[in-house]
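Fold and contact review
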Amino acid sequence: MVGELEFERPVIELRKKIAELKEFTKSADVDLSSEIDKLEARLEKLEKDIYDNMKPWDRVQVARHPGRPTTLDYIQFLFEDFFECHGDRVFGDDEAIVGGIAKFKGLPVTVIGHQRGKDTKENIRRNFGMPHPEGYRKALRLMKQAEKFRRPIICFIDTKGAYPGKAAEERGQSEAIARNLFEMASLKVPVICIVIGEGGSGGALALGVGNHIHMLENSTYSVISPEGAASILWRDASLAKKAAESMRITAPDLKELGIIDEIIPEVKGGAHKDMKRQAEEIEIILYKSLKELKALSEAQLINHRYEKYKAIGKVSNVNEVIGVN
């Protein structure tokens with residue numbers, strides 16, 4: 001089955017069995033309703049057991065699901081009159097990042113997000129959602145434009161990371177990411193960031209300096225992929241599952257650590273199960289964030305961002321860290 005995830009197999013198999021019994025009942029004119037009711041009750045319990053107790057690696061698989069909604073999917077449900085803007089005015093247009101002007105409940109906003117494809121052809125065109133420097137420069141151009149016209153900025157994060165190729169490095173990949181981090185910290189308008197899939201490394205951070213950072217329940221946000229971490233720590237990428245357990249990259253972990261503000265509940269089984277319902281969950285949090293941040297002055301917004309990031313982590317005594325008495 002396309003998109004079948006390893007941990008979901010018992011649920012999928014039971015659903016298939018129920019469907020076969022229902023079909024048999026129709027064709028053979030046999031009453032199997034009691035057996036079907038028992039199986040459906042068992043399915044309900046199984047779904048609760050599996051989806052309410054997902055492990056970090058299970059969430060990684062859901063975040064990477066090929067049918068998971070993208071930035072453009074959410075734009076069509078959440079915003080009106082979206083007008084996409086192209087190009088960085090330096091090199092060209094990067095389709096791994098989309099952005100433009102729209103309205104959210106009548107309020108003009110700027111929307112920016114990573115964009116991966118839904119099939120092989122589109123993935124190639126959008127470089128699998130891994131931006132080149134011109135993508136980040138396009139994003140920054142739109143952010144500065146939003147600041148000029150006092151529009152709140154909404155960023156959707158969904159990337160394995162910035163593209164690491166030679167051409168990207170030649171055109172200033174590191175500088176482009178660093179510039180975004182620097183400029184986003186001092187923007188005078190509300191900035192709301194939502195991790196909707198994978199939030200990987202600096203490629204995610206370049207759209208991730210916000211007043212509020214939210215995550216979908218089954219998204220991930222980390223400095224490196226579990227496979228990359230396993231390759232470094234144990235020289236074996238196949239230990240990615242083990243790495244995911246120890247890296248604390250899931251929404252519940254990051255909420256506990258104070259890195260994100262809100263966990264956005266997901267449709268049972270993942271956002272790809274019901275895109276419209278998932279957009280409604282995002283809309284609730286987005287409206288709440290905008291209402292809170294719109295009440296702050298320019299100086300308060302910048303200070304809010306500063307205090308937010310200053311509070312993340314814990315400072316240790318340097319001498320204790322290096323073992324000096």
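Structure shown above.
What you are looking at is a predicted structure, and each value in this text was computed from that prediction instead of being measured.

Moving on: the pattern of salt bridges. Note on pairing: side chains with opposite charge can pair once their charged atoms come close. Counting across every chain of the model gives 28 salt bridges. A salt bridge links Arg171 to Glu134; the nearest nitrogen and oxygen atoms lie 2.8 Å apart. Of this pair, Arg171 sits in the loop between helix H7 (166-170) and helix H8 (173-184) while Glu134 sits in helix H6 (residues 133-148), and the two are 37 residues apart along the sequence. On the accessibility criterion, Arg171 (23% relative accessible area) is partly exposed.

This part takes up the packing of aromatic side chains. In the structure shown here, the tally under the stated rule is four aromatic pairs. Look at Tyr74 and Phe156: their rings are 6.3 Å apart centre to centre, the planes differ by 20°, and that puts the pair in the stacked class. Placement of the pair is Tyr74 in helix H4 (residues 71-78) and Phe156 in strand E4 (residues 153-159), with a sequence separation of 82 residues. One exposure class covers both Tyr74 and Phe156, and it is buried. In textbook terms, an aromatic cluster arises when at least three aromatic residues are bridged by ring pairs, as seen for Tyr74, Phe79, Phe104 and Phe156. Across from the ring centre of Phe104, 5.8 Å away, lies the NZ or CZ of Lys105, which sits over that ring. Lying across the ring of Trp234, Lys242 places its NZ or CZ 4.4 Å from the centre.

Let's shift gears to the side chain of Lys138. Tracing the chain through its elements places Lys138 in helix H6. In this structure, Lys138 is in contact with Cys85, His86, Gly87, Asp88, Asp93, Asp94, Ile97 and Val98, ignoring residues within four places of it in sequence.

Unusually for a residue other than glycine, Asn127 sits at a positive phi of about 55°. Within the secondary structure, Asn127 sits in the loop between helix H5 (120-125) and H6. In this structure Asn127 comes out as buried when scored by relative accessible area, which is 17%. Phi at Ser201 is positive, roughly 55°, even though this residue is not glycine.

Take the packing of helix H10 (residues 226-234) against helix H11 (residues 240-247) next. Taken N-terminus to C-terminus, the directions of H10 and H11 make an angle of 100°; their axes are 8 Å apart at the nearest point. One way to sum up the angle between H10 and H11 is to call them roughly perpendicular. For the pair formed by H10 and H11, the contact residues are Pro226, Glu227, Ala229, Ala230 and Trp234 on the first element and Ala240, Lys242, Ala243, Ala244, Ser246 and Met247 on the second. Partitioned by chemical class, the residues of the contact of H10 with H11 number eight nonpolar, one polar and two charged.

Each value, and the rule that gives it
Residues numbered from 1 in each chain as written. Predicted model: local features only at pLDDT ≥ 70, side-chain atom pairs only at ≥ 80, totals over all residues. Heavy atoms only, no water. Salt bridge = Lys/Arg side-chain N within 4 Å of Asp/Glu carboxyl O. Helix = DSSP H or I, 4+ residues; strand = E, 2+ residues; numbered from the N terminus. Buried < 20%, exposed > 50% of the residue type's maximum accessible area, 1.4 Å probe, protein only. Phe/Tyr/Trp six-rings, centres within 6.5 Å; stacked < 30°, edge-to-face > 60°. Lys NZ or Arg CZ within 6 Å of the ring centre and 35° of its normal. Contact = heavy atoms within 4.5 Å. Axes fitted to C-alpha atoms, helices over the stretch in contact; angles between N-to-C directions. Parallel < 35°, antiparallel > 145°, perpendicular 65-115°, else oblique. Nonpolar A, V, L, I, M, F, W, Y, C, P; charged D, E, K, R; others polar.

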